[in-house]
Amino acid sequence: MSEPLRIGVLGAARISGSSLIGPARATGHRVVAVAARDRSRAEAYAAEHGVERVAGSYAELIADPEVEVVYNPLANGLHGPWNLAALAAGKHVLSEKPSASNAEEAAEVREAAAKAGTVFMEAFHYLFHPVTRRLHEILASGEIGELRHVEAMVAIQAPPDTDPRWSLPLAGGAVMDLGCYSLHALRMLAPWAGGAPRLVSARGGQRRGAPGVDEWLDADLAFPGGATGSARCHMAYDRLEMSCRIIGSRGEVLAPNFVLPHRDDRVVVRTGDGERTERLGTRSSYTYQLEAFADRVRGGAPLPLDADDAVTTMTLIDAAYRAAGFEPRPRVS
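Here's what I pulled together on the structure shown here. None of the values given here were measured: they were computed from a predicted structure. (Residues numbered from 1 in each chain as written. Predicted model: local features only at pLDDT ≥ 70, side-chain atom pairs only at ≥ 80, totals over all residues. Heavy atoms only, no water.)

1. Describing the pattern of salt bridges
Formally: A carboxyl oxygen of Asp or Glu within 4 Å of a side-chain nitrogen of Lys or Arg is what we treat as a salt bridge.
In this structure the tally under the stated criterion is 34 salt bridges. In the salt-bridge network here, residues are joined through shared partners; they are Arg30, Glu52, Arg53, Asp64 and Glu66.

2. Remarks on the environment of Gly195
Stated precisely, the cut-off is as follows: The helix count covers DSSP runs of H or I at least four residues long, the strand count covers runs of E at least two residues long, and both are numbered beginning at the N terminus. Throughout, exposure labels follow a simple rule: accessible area from a 1.4 Å probe, protein chains only, divided by the maximum for the residue type, with under 20% read as buried, over 50% as exposed, and the rest as partly exposed. By definition, residues are in contact when any of their heavy atoms lie within 4.5 Å.
Topologically, Gly195 is positioned in the loop between α7 (174-187) and β8 (198-206). For Gly195, a relative accessible area of 21% puts it in the partly exposed group. As a C-alpha pair, Gly195 and Glu48 span 147 residues in sequence and 46 Å in three-dimensional space. Setting aside residues up to four positions removed in sequence, Gly195 forms contacts with Ala190, Phe223 and Pro224.

3. Details of empty space enclosed by the protein
Keep this limit in mind: Note on definitions: the grid is 1 Å and covers protein atoms alone; a cavity is a set of points where a 1.4 Å probe fits but cannot get out; a pocket is an open set with protein on both sides within 12 Å along at least five of seven lines; lining residues have an atom within 4 Å of a point. Grid points are joined across faces, edges and corners, and a volume is the space filled by probe spheres set on the points. In this count, Pro and Cys sit with the nonpolar residues alongside Ala, Val, Leu, Ile, Met, Phe, Trp and Tyr, while Asp, Glu, Lys and Arg are called charged and the others, Gly among them, polar.
Taken as a whole and assessed by the stated rule, the structure comprises two cavities of 30 Å³ or more. Roughly 50 Å³ of internal volume is contained in the largest cavity. Tyr126, Thr132, Leu135, His136, Ala185, Leu189, Cys244, Ile246 and Phe258 together form the lining of the largest cavity. Counting residues per element, the lining of the largest cavity draws most heavily on helix α6 (residues 130-141), which supplies three residues. Each residue belonging to the lining of the largest cavity can be placed in one class, and the counts come to seven nonpolar, two polar and no charged. Roughly 40 Å³ of internal volume is contained in the second largest cavity. Per-element accounting of the lining of the second largest cavity gives the leading share, four residues, to α7.

4. Quick word on the sheet that holds strand β9 (residues 214-222)
Stated formally: We treat two strands as partners when DSSP finds at least two bridges between them. Every angle, taken between N-to-C directions, lies between 0 and 180 degrees, and every axis is a line fitted to C-alpha atoms, over only the stretch in contact when it is a helix.
Ordered in space as β8-β9-β10-β7-β11-β12-β13-β14, the eight strands form an open sheet in which the pairing is mixed. The outermost strands of the open sheet, each flanked by one partner alone, are β8 and β14 (274-279). Taken over all neighbouring pairs, the strand axes of this sheet differ in orientation by 10 degrees on average, direction set aside. Here strand β7 (residues 147-155) pairs with strand β11 (residues 241-248) via eight bridges, running antiparallel.

5. Digging into the nonpolar core
Here is the rule we go by: Residues enter a nonpolar core if they are buried and are Ala, Val, Leu, Ile, Met, Phe, Trp, Tyr or Cys, with the set joined through side-chain atoms within 4.5 Å.
Leu217, Ile246 and Phe258 are the most contacted members of the largest nonpolar core, which has 90 residues in total. If one sorts the elements of this core by residue count, α7 sits on top with nine residues. Apart from residues lying up to four places away in sequence, Phe258 is in contact with Tyr126, Val131, Thr132, Val154, Tyr181, Ala185, Met242, Ser243 and Cys244. Counting residues in each nonpolar core, the second largest holds 20 residues, with Ala35, Leu87, Val109 and Ala112 among its members.

6. Regarding the layout of surface pockets
There is about 1300 Å³ of room inside the largest pocket. Looking at the largest pocket, it is lined by 36 residues, and the ones nearest its centre are Ala13, Arg14, Ile15, Arg165 and Asp177. The element best represented in the lining of the largest pocket is α7, accounting for three residues. For the lining of the largest pocket, a count of residues per class yields 19 nonpolar, seven polar and 10 charged. Reported here for the second largest pocket is a volume of approximately 190 Å³. Every residue lining the second largest pocket is listed: Arg110, Ala113, Ala114, Thr118, Val119, Phe120, Arg296, Leu303, Leu305, Asp306 and Ala307. At three residues, the largest contribution of residues to the lining of the second largest pocket is made by helix α5 (residues 103-116). The residue makeup of the lining of the second largest pocket, split by class, is seven nonpolar, one polar and three charged.

Right under this line is the structure:
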């Protein structure tokens, strides 16, 4: 193995245990520092997860010469500002999605990444798991025929009212937290659909008590080759659902949980010849993601995600918000 990455984590977010700490441990990379708004939280986090040391602030962590990769799992509205700060410091950045509050800010992050000459990636981890790779392989093979329609639904039960995902100033909302996966999954089908999809229409519902924040949103898309798509999300659903169904002229393929495939690694194929279920493994998609990111940083291996991709996704998110009667998320003031 090449030299381990030296990673610094912004914030003491619970997600980091599964999205970064566990994968780093599994792949031999070092988590050298963590910073949080409250130093005692950072100290407790470091003790729990075996992080080497605590930085006094986000800025101190970014300035640390030993930190070469900054992982940013902060609230959505803090992705853009701290991605910009980390890139200005010459760090590689793995940012939780979405990478910014809106397309304008995402474009600034892209410019900063180009200027820094470092690796920037938005953490759409699902794309690295064999489940999603297999969906694409089956579509490419012609087994289900030509692409006709795709449906992606990403929904969870409601977080508490105090959760930052319900905060407009922190760039919250169902599309920002969940719908970005649905829209991204549809965008990734462009090679088999005659090109990138365009938004046709969208509708959504506002969270009670949270003006301007979407509780759910459904977007309809169309591909140049004639296929259609439905990208749906709901952040106060009756259950967890994270499915992707691809319908072709001769059959269909379904991933019951493409976002968290380590929970359900099935790919179900239905054609005129019958139905079969493939299992692609419960190794974490986050682990595959970190391996791919490290291969890029250490060896220059290609990545399917970069700052250009992040801008394209954010532009589509902004368009979906406007079409559904919402405003794009504001930048943190």
